[in-house]
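# Observations on the three-dimensional arrangement
Okay, here's what each chain looks like letter by letter:
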Amino acid sequence: MERNIPNNVNFSVLSPEQIQKIHRASVTVLSEFGVKMDSARMREELQAAGAQICENDIVKVPEQLINKCLETVPKGVSLYSRDGEEIIKIGAENNIYFGAIIDVVNVLDHHTNKVRKMYREDVKNFAVLEDYLDSVSYTTPAGMFNGVDPRIASQIAFLDTCRYFTKAQSIVTAECSGFEDCLHVAQDFVGGKDKLAEKPFIMYYAEPISPFMHVDESVKRIIVCAENGIPITYMPYSMMGGTAPVTPVGALIQNNADVLMGLVMSQVIKPGASFIYGSMPTVFDMKTTVGSYGAPEFHMCVAASADLADFYGVPFYGSHCLSDAKTIDAQSVAEFEMSMMSTMMSKANLVHDGPFLDHANNITLIGLLLFDEMFYQTKAYVNGVDTSDEMIDLMLKTIKDVGPGGHYLEERSTLKNFKKIWYPKRFKRLMENPDESDLMDRLIAEVDHILETHVPKPITQEQEEVLASYEAEFMSRYQ
Amino acid sequence: MDILEMIANDVVEGEMDEIADHVQEALDGGMEPKKVLDEGMLKGMNTVGDLFKEGEMFVPEVLMSAKTMDEGMEILKPLLKEGDVTKAGVVVMATVKGDLHDIGKKLVCMMLEGAGFEIHDLGVDVTPEEIRDAVKEKNPDIVGMSAMLTTTMLSMQDTVALLKQDATTQNVKIMIGGAPANPDVATEMGANYSADASAAVDLAVSLVS
Ligand code: B12
């Protein structure tokens, strides 16, 4: 089977030798230096599986155990739509899918291009627009919007996402208990724990605290997911020079070791548990103290991490459309494009986080349309060059027919193939461009139009009853 | 370059290996220890602060300068009279309960230390009670709290409320920082806000003066 987005550009950051070197170094870290393991239960499980428990809860993992877990970890993952259709299928074809975000603390208002607080109605708007865009396959309700008690915001964001978004979800909560609430909703929503495990429309995510701290909270997430058949992404976010060594290779060794630790934990709890490799090694800006989302080294290292995940044969969680700028401006669009291009060329499978502005402090509806445009644009790029024998024959014939000084406008091959070339939907190539750009106005109008006209497929009466009863229970908790 | 300029320069340039000799040289020449401190090392540290704010110096360089200053202090300390070194102030710092983000708070601590504050860092995931107890014990001028999550902002509020309840803790100055914090939230809580580590130093200085 062909990849869902054909990628014929042969891009990789790391050569096979470089991958080996980083892998070896990560194994050294895990087997000789060890990592800190806060969870008592996990220490026991690891010890039983052959790991060595040292002073101060340091765990050392022998290479054999790592290899054993690499054998049991699934080489792919499938995720389903809210209504049970397989819409994400990662396996031998190495497919790629893009996600988006539902809510954060602040939103960049699409009419004013100014930051304001995010509220529940914004959650709906993001869900509706993301539901509309075919380029978006899953989304992330994060439960950071204002106006409800923050301890239940993740749960409420999840409920609304079930109502207004028909595809898959990658849930983020501040605490594992918030996820467990969402898990129960999801199980009841589809008719039980087994049904959800069979066709999960949600996944979850956890991270170590770089460097090498596998805290109770994160370990608990791995356990809950393994036991409930929910795919989990384990993804260190580290900052070179701050929470990671300052060089790309140092950060890659560290993150790779931490992800392998996550992988071992998940397989020790349940061999065959779904596991997704995530990694965000970024630059710690030594002038401003920001962990950068727009740094070129960051996106290069994410793509390098995708090479590592590919080497292990596990799905990779990438990142797209990220920027350190606060509004839609020349900087944010340039940084979006760089991250989009890098990720589209890379071996990422599930790509998350866009469209994030202000180093993950706000999101924007306009950004989603820009993402959509860049999605098709970069998709056209990675399509690469068709050098099949038939194509070479056709091209030689055409070139011969036209001859020196001719033109190709009336050639059959032109007529047959010109539609394969990508045409922008929103960007323009006018012979006579207007003196002032009207792109922002057109994007605003498009957002408004979609929000007015797109109606996500509604859930059933019974499903709404499930959501409503949970909503009432959540809302009553902190009154 | 006179010897005080050289000492100031050692601090700015992070000349860890040179500063001790230069401080000794100044003292051997009969200079008052307090003068070496004020017009040499502290002058250098002020320049460091300015250069960092202007984007001319970077975090690792600033931290190197602070370490260099410590090297010089090793020699000066036994010679300084009581009252010669005025501690800028005492600060109790914590990342609040439920929150594990700590690199920002660590940086604020390091920068404050560089500016002469005495720091008691309580770590991460610190409960309101633990913060209150530390305030009782250390009697700081300032309590600094870091929270990066909307959920843990609540714990900040709880801590402020707890500190206000007790006569021995209610007058301590409070500063907060982190992603969900902003000047409005701070004011509402009865606290002060700063956006980054160097602004935190300015804020702390203004709170104790
Ligand atoms: C690094 C990071 C992490 C690391 C933390 C590692 C560590 N050891 O600290 C990891 C990966 C572990 C992590 C985990 C999580 N994170 Co996080 N994280 C970040 C990130 C990307 C950068 C934060 C950072 O360290 N920046 C660099 C430092 C130097 O800057 P800083 O912390 O802002 O500190 C500066 C100032 O704020 C100020 N300051 C800080 N503290 C104080 C205190 C005082 C007194 C003063 C005056 C000033 C001050 O000065 C500092 C130095 O200049 C932010 C995004 C962002 N842009 O902030 C998200 C972010 C904070 N995380 C977020 C979330 C949601 C989470 C998780 C819940 C995700 C999850 N589902 O697991 C968990 C929560 C874990 C927990 N219980 O705490 C959200 C929070 C949203 C919200 N407001 O509720 C953010 C905003 C990203 C996002 N939009 O999704 N995270």
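To be clear, the structure that these remarks concern was listed above.
Here we summarise the structure given alongside this text. Residue positions are given per chain, counted from 1 along the sequence in the order it is written. Lettering for chains starts from A, numbering for ligands starts from 1, and both go in the order in which the items are written. For a predicted model such as this one, the threshold for reporting local features is a pLDDT of at least 70, and the threshold for listing and counting side-chain atom pairs is 80 or more; totals across whole chains, interfaces and linings nevertheless cover every residue. Heavy atoms from the whole structure form the basis of all side-chain values; hydrogens and water molecules are not counted.

### Remarks on the overall build of chain B
- Runs of E in the DSSP output that reach at least two residues are strands. Runs of H or I that reach at least four are helices, and both are numbered from the N terminus. Along the backbone of chain B there are 9 helices and 5 strands.
- Going from the N terminus to the C terminus, chain B shows its helices and strands as α-α-α-α-β-α-β-α-β-α-β-α-β-α.
- Atoms counted for the radius of gyration: C-alpha only. Globule rule: 2.2 Å times the number of residues to the power 0.38. In terms of overall dimensions, chain B is globule-like: its C-alpha atoms have a radius of gyration of 19 Å, near the 17 Å expected for 209 residues.
- For chain B, the spread of C-alpha atoms along the principal axes amounts to about 55 × 35 × 25 Å.
- We call two residues in contact when some of their heavy atoms are within 4.5 Å. In chain B, once contacts between residues fewer than 6 apart in sequence are set aside, the share between residues at least 24 apart is 70%.
- In the structure as shown, chain B presents an accessible area of about 10,100 Å², 48% of it carried by carbon and sulfur atoms.
- Averaging the coordinates of the 16 positive side-chain charges in chain B and doing the same for the 39 negative ones gives two points 8 Å apart. Surface accessibility follows the Shrake-Rupley procedure with a 1.4 Å probe radius. Residue values consider only the protein chains on display as shielding. Only four residue types enter the tally: Lys and Arg on the positive side, Asp and Glu on the negative side; His and the chain ends are excluded. Just so you know, the charge point we use is NZ for Lys, CZ for Arg, CG for Asp and CD for Glu.

### Brief notes about the overall build of chain A
- Within chain A, the secondary structure is distributed over 16 helices and 20 strands.
- In terms of overall size, chain A behaves like a compact globule, its C-alpha atoms giving a radius of gyration of 23 Å where 479 residues would be expected to give roughly 23 Å.
- Think of it in three bands: residues with accessible area under 20% of the maximum for their type are buried, residues over 50% are exposed, and the middle band is partly exposed, with areas taken using a 1.4 Å probe on protein chains only. Counting all 479 residues of chain A, 53% fall into the buried class.
- Pairs at least 24 apart in sequence give 75% of the contacts found in chain A among residues at least 6 apart.
- Counting every atom, chain A has about 20,600 Å² of accessible surface; 53% of that belongs to carbon and sulfur.
- Positive and negative side-chain charges of chain A, numbering 42 and 66 respectively, have mean locations separated by a distance of 3 Å.

### With respect to the interface of chain B and chain A
- On the side of chain A, 17 residues touch chain B, which itself brings 13 residues to the contact.
- Computed with a 1.4 Å rolling probe, the buried area is the accessible surface lost when two parts are put together, summed over both parts. At the boundary of chain B with chain A, total buried surface from both sides reaches about 1,400 Å², with 79% on carbon and sulfur atoms.
- The three residues of chain B that bury the most area against chain A are Leu100(B), Ile103(B) and Thr150(B), which together make up 33% of that side's buried surface.
- By definition here, a salt bridge exists when the distance from a side-chain nitrogen of Lys or Arg to a carboxyl oxygen of Asp or Glu is within 4 Å. The interface formed by chain B and chain A includes 0 salt bridges.
- Under this definition, polar contacts are N or O atom pairs within 3.5 Å; protein pairs additionally need one hydrogen-donor-capable and one acceptor-capable atom, and for neighbouring residues in sequence, both atoms have to be side-chain atoms. Where chain B meets chain A, there are 1 residue pair in polar contact (both at pLDDT 80 or more).
- Contributing elements (two or more residues each) for the side of chain B that touches chain A: helix H4 (59-76), helix H5 (103-114) and helix H7 (150-165) of chain B.
- Looking at the side of chain B that touches chain A, the element that brings in the most residues is H7(B), giving 3 residues.
- Of the residues contributing to the side of chain B that touches chain A, the split by class is 10 nonpolar, 3 polar and no charged. In the scheme used here, Gly and all other residues not listed as nonpolar or charged are polar, with Ala, Val, Leu, Ile, Met, Phe, Trp, Tyr, Cys and Pro taken as nonpolar and Asp, Glu, Lys and Arg as charged.

### Description of the packing of helix H6 (residues 176-190) of chain A against helix H8 (residues 216-228) of chain A
Residues and elements named next belong to chain A.
- The N-to-C vectors of H6 and H8 enclose an angle of 15°; their axes lie 10 Å apart at closest approach. Looking at the two axes, H6 sits roughly parallel to H8. The interaxial crossing formed by H6 with H8 has right-handed handedness. Contacts from Cys176, Phe179, Glu180, Leu183 and Gln187 of H6 reach H8 at Glu217, Lys220, Arg221, Val224, Cys225 and Asn228.
- Residues of the contact of H6 with H8, tallied by class, amount to 5 nonpolar, 2 polar and 4 charged. Axis definition: a line fit to C-alpha positions, over the contact stretch in the case of helices; interaxial angles, taken between N-to-C directions, run 0 to 180 degrees. Any angle from 65 to 115 degrees is called roughly perpendicular, while one under 35 is roughly parallel, one over 145 is roughly antiparallel, and all others are oblique. Should the near helix be turned anticlockwise from the far one by less than a right angle, the crossing is termed left-handed; should it be turned clockwise, right-handed.

### A few points about a nonpolar patch on the surface
Residues and elements named next belong to chain A.
- Each patch is assembled from residues with relative accessible area greater than 30% and no salt bridge, linking like charges that lie within 9 Å and nonpolar side chains (Val, Leu, Ile, Met, Phe, Trp, Tyr) that lie within 5 Å. Taken together, the side chains of Leu415, Phe418, Ile421 and Tyr423 present a nonpolar region at the surface, about 460 Å² in accessible area.
- Within the element layout of this structure, Tyr423 appears in the loop between helix H14 (412-417) and helix H15 (439-453).
- A relative accessible area of 52% places Tyr423 in the exposed class.

### A few points about the site of the ligand
- Taken together, the neighbourhood of the ligand is formed by 45 residues, with His359(A), Ala360(A), Leu100(B), His101(B) and Asp102(B) sitting nearest.
- Any residue with at least one heavy atom within 4 Å of a molecule or strand is counted as near it. The ligand sits at the junction of chains A and B, each of which supplies nearby residues.
- Take Thr289(A): an N or O atom from its side chain is 2.7 Å from an oxygen atom of the ligand.
- Among the secondary structure elements, those contributing two or more residues to the shell around the ligand are strand S14 (237-240) of chain A together with H5, strand S3 (142-146), strand S4 (173-177) and helix H9 (197-208) of chain B.
- The biggest single contributor to the shell around the ligand is H5(B), with 4 residues.
- Tallied by class, the residues present in the shell around the ligand amount to 27 nonpolar, 13 polar and 5 charged.

### Some words on the coordination of the cobalt atom of the ligand
- On the protein, His101(B) (NE2) is the one donor atom to the cobalt atom of the ligand, at 2.3 Å.
- Counting through the fold element by element, His101(B) comes out in the loop between strand S1 (89-95) and H5. A donor here means an N, O or S atom no more than 2.8 Å from the metal, or no more than 3.2 Å when the metal is Na, K or Ca. Since water is not included, a site may seem to lack partners.

### A short note on the environment of His214(A)
All names here are of chain A.
- Tracing the backbone shows His214 in strand S12 (residues 213-214).
- Of the residues examined, His214 reaches a relative accessible area of 0% and is grouped as buried.
- Here the alpha-carbon distance between His214 and Met37, two residues 177 residues apart in the chain, equals 5.0 Å.
- Sequence-distant contacts of His214, that is, excluding residues within four places in its chain, are made with Val35, Lys36, Met37, Asp38, Ser39, Pro208, Val219, Tyr234, Asp258, Met261 and Met265.

Any link to function would need more than the numbers given here.
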